[in-house]
Amino acid sequence: MLELISIVAGLIVCIMMPIEVGKIRKGWVRDKFKGDRPKFLAAYRKQLKVLMWLGFVFAVLGIALASLQDHRGEAIVKVIGAVIWFAVAAVSFFSLRTLANVPDTEPVASSDA
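Model, not experiment: these values are computed from the prediction. (Residues numbered from 1 in each chain as written. Predicted model: local features only at pLDDT ≥ 70, side-chain atom pairs only at ≥ 80, totals over all residues. Heavy atoms only, no water.)

J.: What's the story with the nonpolar core in this structure? I'm lost.
T.: A general trend in soluble globular proteins is that nonpolar side chains are found buried together. One finds Met-17, Val-21, Ile-24, Phe-40, Leu-41, Tyr-44, Leu-48, Leu-51, Leu-96, Leu-99 and Val-102 forming the largest nonpolar core, which totals 11 residues. Counting residues per element, the ones that place at least two in this core are helix 1 (2-25), helix 2 (37-68) and helix 3 (72-100). When residues no more than four places from it in sequence are discounted, the contact partners of Phe-40 are Ile-24, Trp-28, Val-29, Arg-30 and Phe-33. (Core = buried A, V, L, I, M, F, W, Y, C linked by side-chain atoms within 4.5 Å. Buried < 20%, exposed > 50% of the residue type's maximum accessible area, 1.4 Å probe, protein only. Helix = DSSP H or I, 4+ residues; strand = E, 2+ residues; numbered from the N terminus. Contact = heavy atoms within 4.5 Å.)

Okay, here's the thing in structure tokens:
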């Protein structure tokens, strides 16, 4: 059951992270965040670093635990979970690289008058 929860959570992160990064590149700041855009970007970059390392650690642990399983079905589920957590680490890494090019200043609204 924990593997299923882990797989679903990993898939949700893999889908939502690029969507949020796209919004952040356009100037979005979470409404509940108390602070300005530079502080939000710093906090979000820190969050991405944590997710990248957690994804990598969970993936390595999943592969290690899959090799210790007696039943083939359990090993397959753990490997699938490990692959998804590797995907979380990869998406976090590329999202972090994308946000490295985003300036910390507020985006300037274009006036097409």
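J.: Explain the packing of helix 2 against helix 3 here, please?
T.: In a packed pair of helices, the relevant descriptors are the angle between the two axes and the axis-to-axis distance. Interaxial distance between helix 2 and helix 3 falls to 7 Å at its minimum, and their mutual angle equals 160°. Looking at the two axes, helix 2 sits roughly antiparallel to helix 3. The two elements helix 2 and helix 3 meet at a crossing, and its hand is left-handed. Grouping the amino acids of the contact of helix 2 with helix 3 by side-chain chemistry returns 22 nonpolar, four polar and three charged. (Axes fitted to C-alpha atoms, helices over the stretch in contact; angles between N-to-C directions. Parallel < 35°, antiparallel > 145°, perpendicular 65-115°, else oblique. Left-handed = near helix turned anticlockwise from the far one by under 90°. Nonpolar A, V, L, I, M, F, W, Y, C, P; charged D, E, K, R; others polar.)

J.: Teacher, can you tell me more about the environment of Gly-22 here?
T.: Relative to the helices and strands, Gly-22 resides in helix 1. The partly exposed category is assigned to Gly-22, whose relative accessible area is 27%. Separated by 73 residues in sequence, Gly-22 and Ser-95 have C-alpha atoms that sit 9.2 Å apart.

J.: I tried to follow the side chain of Lys-78 on my own but got confused; where do I start?
T.: Among the structural elements, Lys-78 can be located in helix 3. Once residues lying within four places of it in the same chain are set aside, the contact partners of Lys-78 are Glu-3, Gly-62, Leu-65, Ala-66 and Gln-69.

J.: Is there a simple way to explain the packing of helix 1 against helix 2 in this structure?
T.: Running from amino to carboxyl end, helix 1 crosses helix 2 at an angle of 155°, the nearest separation of the two axes being 13 Å. With respect to helix 2, the axis of helix 1 lies roughly antiparallel. Every pair of crossing elements has a handedness; the one defined by helix 1 and helix 2 is left-handed. Together, Val-13, Met-17, Glu-20, Val-21 and Ile-24 of helix 1 and Arg-37, Phe-40, Leu-41, Tyr-44, Leu-48 and Leu-51 of helix 2 make up the contact between the two elements.

J.: It is not clear to me how the packing of aromatic side chains should be interpreted in this structure. Could you clarify?
T.: Ring pairs (aromatic) are described by centroid distance and by the angle formed between their planes. Enumeration according to the criterion identifies seven aromatic pairs in this entry. Ring plane angle 70° and centroid distance 5.3 Å describe the contact between Phe-33 and Phe-40, whose orientation is recorded as edge-to-face. Each ring, one from Phe-56 and one from Phe-86, has its centre 6.1 Å from the other, and the planes form 65°; the classification is edge-to-face. Within this pair, whereas Phe-56 is found in helix 2, its partner Phe-86 is found in helix 3, the two being separated by 30 residues in sequence. In this structure, Lys-23 is placed above the aromatic ring of Trp-28, and the distance from its NZ or CZ to the ring centre is 4.9 Å. (Phe/Tyr/Trp six-rings, centres within 6.5 Å; stacked < 30°, edge-to-face > 60°. Lys NZ or Arg CZ within 6 Å of the ring centre and 35° of its normal.)

Just geometry here; none of it tells us what the structure is for.
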